[in-house]
Amino acid sequence: MKFSCCYLGIFLASFCLGVVKSQYDSEGLSRKIKELVEDFLGQNSMQKHLDQLSYSEQILVGNTVLEQLVNNLQNKFQKRILTVQQLQQAVERAYSGITSTSYECCKFPTSQTEYDLRFKNKVAVNQVCEQISPEAESSLVRLRPSFVESCAQNLIELPSLKWQYFGSEQGVTTRFPALISDSCDDYDNRFRPWYVQANVPVPKEVVVVIDRSGSMGRRHGSVTLMELAKSAAKTVISTLNPFDKFTVVAFSTNALPTDVGDTANDDCFSSTLAFATPGNIKKVSGFIDSLIADGSTYYAKALDKAFNFFSTDVESRNSTKLDRVILFMSDGEPSEPSTSTILDTLRSRNAEVNNSVVILTYGLGSSDFDVLEDMATATSSVIDESDIRPGVFTKVDDPDLLRSQMASYYNFFKVDDELASDPVWTVPYLDAWGLGVMITASLPVYVRGNLIGVAAVDVTIEELFAETTNIVPGELSYSFVVNEAGLMIDHPLFPQIGISEPLFARATAFERDPDFVEIFESMKRGGSGEKTFYSTKVLSGGDGRRYGAKEIQVRSTYFWKKIPGTDFSVCLVLANEDIQSVLAPQGSVPRGSFLYHRLDLVPPNTACRHLNNYCSMDQSSVFLASRSYEDPEYYLSRVFTATDVNRIKDYVEGSITISQGLKVGIKDEVVATSYAERWWTELHNNTDIEEEVVWRYIGTKNGVFRHFPGTRYPDDYDPVLRPWYEHALANRGNNVLTLPYVDAASGATIITLSRVLFEGKFGGLHDVINDEVVAVMGVDILLSYFQTVLAEFFPDCINDDSTRCVLMDKAGFVIFAKEYLESSSVRTNQHLTEVDSNIANLLIRDGILNPTSCSNVEASLLQRTYNVSYSGSYSVTVNFGSNCETIRVIPIEQTNTYMVIKGPRTSGGSCSFYRPLKCTCGSGIGTVCETTWSGYACECPCQSPDTQYHPCTNEYDFSSSRVPLCSPENKELTSVAATNMDLSSLPICYKIAFTFNETENKELTSVAATNTDLSSLPICYKIAFTFDPTDSGQSQGLGLGAIVGIVVGVVAVVIVGIIIAIKAKKSKPPRNTRRTSQPSAPPAYPAQPAQPATNPAYFAAEEPSAIYVNTVEKGAYPANNFPPSYEESSRIFDKPTFVVLIWNLPIAPCTSLWIYEKNDFLEKI
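Cut-off values and rules
- Residues numbered from 1 in each chain as written.
- Predicted model: local features only at pLDDT ≥ 70, side-chain atom pairs only at ≥ 80, totals over all residues.
- Heavy atoms only, no water.
- UniProt positions renumbered as here; feature names shortened; annotations may be inferred.
- Helix = DSSP H or I, 4+ residues; strand = E, 2+ residues; numbered from the N terminus.
- Buried < 20%, exposed > 50% of the residue type's maximum accessible area, 1.4 Å probe, protein only.
- Contact = heavy atoms within 4.5 Å.
- Areas by Shrake-Rupley, 256 points an atom, 1.4 Å probe, with all protein chains shown as cover.
- Pairing = 2+ DSSP bridges.
- Axes fitted to C-alpha atoms, helices over the stretch in contact; angles between N-to-C directions.
- Disulfide = S-S within 2.5 Å.
- Expected span 1.5 Å × (residues − 1).
- Arc of directions from axis to C-beta.
- Salt bridge = Lys/Arg side-chain N within 4 Å of Asp/Glu carboxyl O.

If you check an unreviewed UniProt entry, the chain appears there as VWFA domain-containing protein from Clavelina lepadiformis. What UniProt states about the chain under its Sequence similarities (unreviewed entry) heading is, verbatim, "Belongs to the calcium channel subunit alpha-2/delta family."

If you want it as structure tokens, here you go:
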């Protein structure tokens, strides 16, 4: 291969001028990223603008804030209590024997449903549907249409309501609004926790005893009796709630307690009762599934084992507030030679627990069940009837009915109270239809003294406790809610989403300080008070699964009080160091300049399309999150109209003074952030910058979110809870890069650059540790563009096959690796341990990449990950098996990134052999860990069981050690309803510089070779290098090209003097390319800054940092486009200050020389 020697001359000239950059220029990359944050976002200018605005410090009085919080929550609970009471009365009026006109939910017509954001599903908001249990009674009583009318009215009066429903004793659930279900026979309301808890509000202790003797292997139709018994047992335990305790005993020749294979908690299920948390129910269900029929039928051993669970539980022995029951099921007579052994065991063991255990027995089939009947009804002479509370014996002739008969056990404990008016609140649970974590309020319904079912309403935790979530007294302050059992119901670290049921641990799992125990006990009793101490505050790293968490000690005051009329208490935690910065009034934005994000309701002045989105050409849109409103719940459930949008617009533009429910100060933040819009729109016409940017945005701590180009956002969006905001907050003062991800609209792979904005300070001197963050700015850029930036400062990482480079963040997750350029698939969420296990092992060994973990309390898991704790430069030479290589770790200053480089040996120092090691990796960060993470073991980020959690007691034991709590996952956003508008007719907002289709990189079919003789054709235009496939690469002497190259080098040196002379001759004052200094007293709405006439992009007029020489054939350009523009001649360079064009050099001595300075023609020589 032979290259044009012109390049040799250019290189020599550049070297002489001292402009050749280091192959690893970390400082240059750091500066470049800083420039990108400013050029693309205007972050520095926005901070200067805030520094000129007035901020005041607001002192919060804890008891006053708490009282307001309690009053708001009390009002919300009262509304829901009234709603469920109204629903109860509606059922009483509508309950009759008429034939139903409602569809079954599984057969509801799709054509009658439409998507409703409030329910995140396609529903029919004016209809109900019915779910009928396959075991429902044959003669069903239905509800009249008046029930639908009542539900619809409830939704109008309280838009935040979710599902309203009535479950009957006959097994029919009537649900509003109608929602299509997948199956017709998988739901029975009578066996759901909300139904059982409404009928039996007292906590229960349940031991299910199952016969697994050989006779249970007999078949009934297509299934065995054992399979029917297992189904019945699993249904029984599914009726329980986390206030209940339970276990399962299987018996034949011997009694077998529950064994879930958890060696860390062997005693949990085998000898003590466990709380019926979703996780425990799942584990015990697995044990039930493992049972097989075999052996004899010894009742006494089963009873003895069952009573062990009550006698070892101190609370069970001494409490009189619990319903205790043994559900005993068998298909045959006992194997004991004498029944007195069985009954004696029952009598003596029950006496140990004050005869508090009720025995409910079930005989399956047609055997003689006299013993089972004696055990339940206490009619045998061996048993003193006065000693125990009689139970009930049920003979199940049809094995198909075993499930419904056993699962109806709670009817024995049912409290018939027609006058019940206080609803029962369930513990939170995960909604089956995707609405997140729910809580249900329910009431039993009676007609003529008979229980006919339960009425219930659902509401999301997010909406019910929106005030506690959105309280913003400062970065270190927060609030939380517990119930009377001490379970945490809502907390900043409590997950609002998930794919599995949350655990609902006690509050002490979240608030772990010893000083909190006193507060915890008081809250369970419904007490109130305040206490000050040094508490532990968890600082999010952005996503606990990847970045762990950090704990700091903060002197805080806890204020707590019970919410009247409920079983819940709220606690407000105010950090004594927290200061709430309040922005001074900013006036209004100019008329016609405000654009609310609901473009579907009020369109923008000039519409355009951007990556398949309906957008605004020259305006940013403003989204106001729920935390921006005085009543967040009302906002979350609100159905916006064009009138609502126009009222918000009029308020922000000063036409009206009514705040539209917005908090004080929100309008001021909208006005202040409009300064960012100016920067973005002024860059709009600069394609050099614009084409690399996908989106720009700014979000404030109070939920104001400004976005460019303007477009619509999901109603449940909250900028404060998004990864880009949290990452910037965790790396305050740095320019933060996120991991690559795929843009949903375009399919392009992008990364986000973000940086915090501090409260305004005179002089702009900020303390990045203690100053309050008031906003975060972010920009999404193409990963392909960022790769060109890396190539400029780390060229060997791109061009040298012997060099391997990985850009990673502070947890070791990979932002860029060289193979990303060569792969057709998008690489996201990869860790260094997965990308290069050799380097990862080495960095773990040398303490660069350090294992860390955080506790996911609601899943009882430890999330294991890494953090990079190294500030200097790291370099070591090792031999991985073939040759010595140098490994470097170079911090990219003022960012959250590090460049890891593996390349040829760079010095003659020592070279140690390092055995290549493979890191253990699963399929992602949710993979169960395979190692103990001890020593220097290398494993990709993963999860492991938290051994400090004890499932039976549902408590954590932090006496030995403690890891920080993980921050919750970012919730999945509601999809924005698709527009019906044809976007193809709209102009493109601006072009995005896609260099290739990153979602597809298929190999193209080869074009057939032409038979035409090409040698006689003229060359289209010359290329700066030639390739001769027959050339061996040996030099044939110094040719014309080499001579010309040397001439170019000499000429280039002379050019420096020419440029300096021209500059001096023109005496051209430098242009200030950044924002001009702001006035000392800016107007309420910032004035439009002056814009240079020649260049709206405000490029810096600095002394040249590099001189680039480009040789081009004049004939390569059309006559009317010669000489070429600056952009055409320098597109391959990164905006050099000067470009020198030497024409016709490949064929003749210099005939013309053109010099450009940034779009400005200087001189022809």
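From this point, the discussion proceeds with the structure in view.
All right, on to the overall build of the chain then. Across its full length, the chain holds 30 helices and 55 strands. Expressed as a percentage of its 1165 residues, the buried residues of the chain come to 54%. Sequence-distant contacts in the chain: of pairs separated by 6 or more residues, those separated by 24 or more amount to 71%. For the chain, the accessible area works out to roughly 49,700 Å², and carbon and sulfur atoms hold 51% of it.

Below, the discussion takes up the environment of Thr508. Following the sequence through the fold, Thr508 ends up in the loop between strand S26 (488-490) and helix H17 (516-524). Assessed through its relative accessible area of 26%, Thr508 is described here as partly exposed. In the structure, Thr508 is positioned 20 residues away from Met488 in sequence and 8.5 Å away in space, judged by C-alpha atoms.

In summary, the side chains of a regular strand alternate between the two faces of the sheet. The buried fraction of strand S40 (residues 804-809) amounts to six of the six residues, a majority that puts the element mostly inside the structure. Residues Arg804, Val806 and Met808 point to one face of S40 and Cys805, Leu807 and Asp809 to the other, with burial holding for every one of them. Relative to strand S46 (residues 897-904), S40 runs antiparallel, the two sharing six bridges. Looking at the pairing, Arg804 lines up with Lys902 of S46. Turn length for the S40-strand S41 (residues 814-817) hairpin, with the two strands adjacent in sequence and antiparallel, is four residues, and the turn residue Gly812 shows positive phi of about 90°.

Turning next to the environment of Leu73. As for its position among the elements, Leu73 is in helix H4 (residues 62-94). Leu73 has contacts with Leu464, Phe465, Glu467, Thr468, Ile563 and Val570, leaving out every residue within four places of it along the chain.

Reading across the sheet, the five strands line up as S26-S25-S29-S28-S27 and stay open at both edges, with antiparallel pairing between neighbours. Strands with a single pairing partner mark the edges of an open sheet, and in this sheet they are S26 and strand S27 (529-540). Mean inter-strand twist for the sheet, computed between neighbouring axes without regard to direction, equals 40°. For strand S28 (residues 549-562) and strand S29 (residues 568-575), the ladder comprises seven bridges, and the chain directions are antiparallel. Across the sheet, the residue bridging to Lys562 is Ser569, located in S29. The strands touched by H4 are strand S25 (478-483), S27, S28 and S29; relative to S29, the strand with the most contacts, the crossing angle is about 150°. Most of the contacts of H17 go to S28, to which it runs at about 35°, and overall it touches S25, S27, S28 and S29.

Taken together, three strands build an open sheet; the order of strands is S42-S43-S48 and the sheet is antiparallel. In this open sheet, the two edge strands, each paired with only one partner strand, are strand S42 (849-856) and strand S48 (942-945). Across the sheet, the axes of successive neighbouring strands diverge by a mean angle of 35°, strand direction being ignored. Bridging between strand S43 (residues 861-868) and S48 involves four bridges; their strand directions are antiparallel. For Arg864, the partnering residue across the bridge sits in S48 and is Cys942.

Tallying each qualifying case throughout the model produces nine disulfides. Residue pairing for Cys854: its cysteine sulfur links by disulfide to Cys966, the two sulfurs lying 1.9 Å apart. As the torsion about the S-S bond is roughly 95°, the Cys854-Cys966 disulfide counts as right-handed. Of the two residues, Cys854 sits in strand S42 while Cys966 sits in the loop between strand S50 (955-956) and strand S51 (1025-1026), which places them 112 residues apart along the sequence. Take Cys854: its relative accessible area is 0%, and that puts it in the buried class. Residue classification places Cys966 among the buried positions, given a relative accessible area of 9%. In this model Cys919 forms its disulfide with Cys938; the gap between the sulfur atoms is 1.9 Å. Taking the sign of the S-S torsion, about 80° here, the bridge from Cys919 to Cys938 comes out right-handed. Pair noted here: Cys919 is in the loop between strand S47 (912-913) and S48 and Cys938 is in the loop between S47 and S48, with a separation of 19 residues, a long-range link. Considered together, Cys919 and Cys938 belong to a single accessibility category, that of buried residues. Counting only cysteine sulfurs, Cys989 is the nearest neighbor of Cys615, a cysteine outside any disulfide, at a range of 4.6 Å.

Once that is clear, we can look at helix H12 (residues 339-351). Under the 1.5 Å per step criterion, the end-to-end length of H12 is 19 Å for 13 residues, consistent within 8% with the ideal 18 Å. Among all positions in H12, only Ile342, Leu343, Thr345, Leu346, Arg349 and Asn350 are buried. Buried residues along H12 cover an arc of 155° about the axis, so they all sit on one side. Among the structural elements, helix H10 (299-311), strand S19 (357-364) and helix H13 (370-377) are those in contact with the buried residues of H12.

Within the secondary structure layout, Pro951 lies in the loop between strand S49 (949-950) and S50. Among the residues examined, Pro951 registers a relative accessible area of 2% and is labelled buried. Each C-alpha atom, one on Pro951 and one on Ser860, is 8.7 Å from the other, the two residues being 91 residues apart in sequence.

Here we come to the pattern of salt bridges. In this structure the tally under the stated criterion is 32 salt bridges. Ionic pairing is found between Glu67 and Lys561, a salt bridge with its closest N-O pair at 2.9 Å. In this pair, Glu67 sits in helix H4 while Lys561 sits in strand S28, placing the two residues 494 residues apart along the sequence. A relative accessible area of 26% places Lys561 in the partly exposed class. Salt bridges sharing partners connect three or more residues here, namely Asp304, Arg349 and Glu352.

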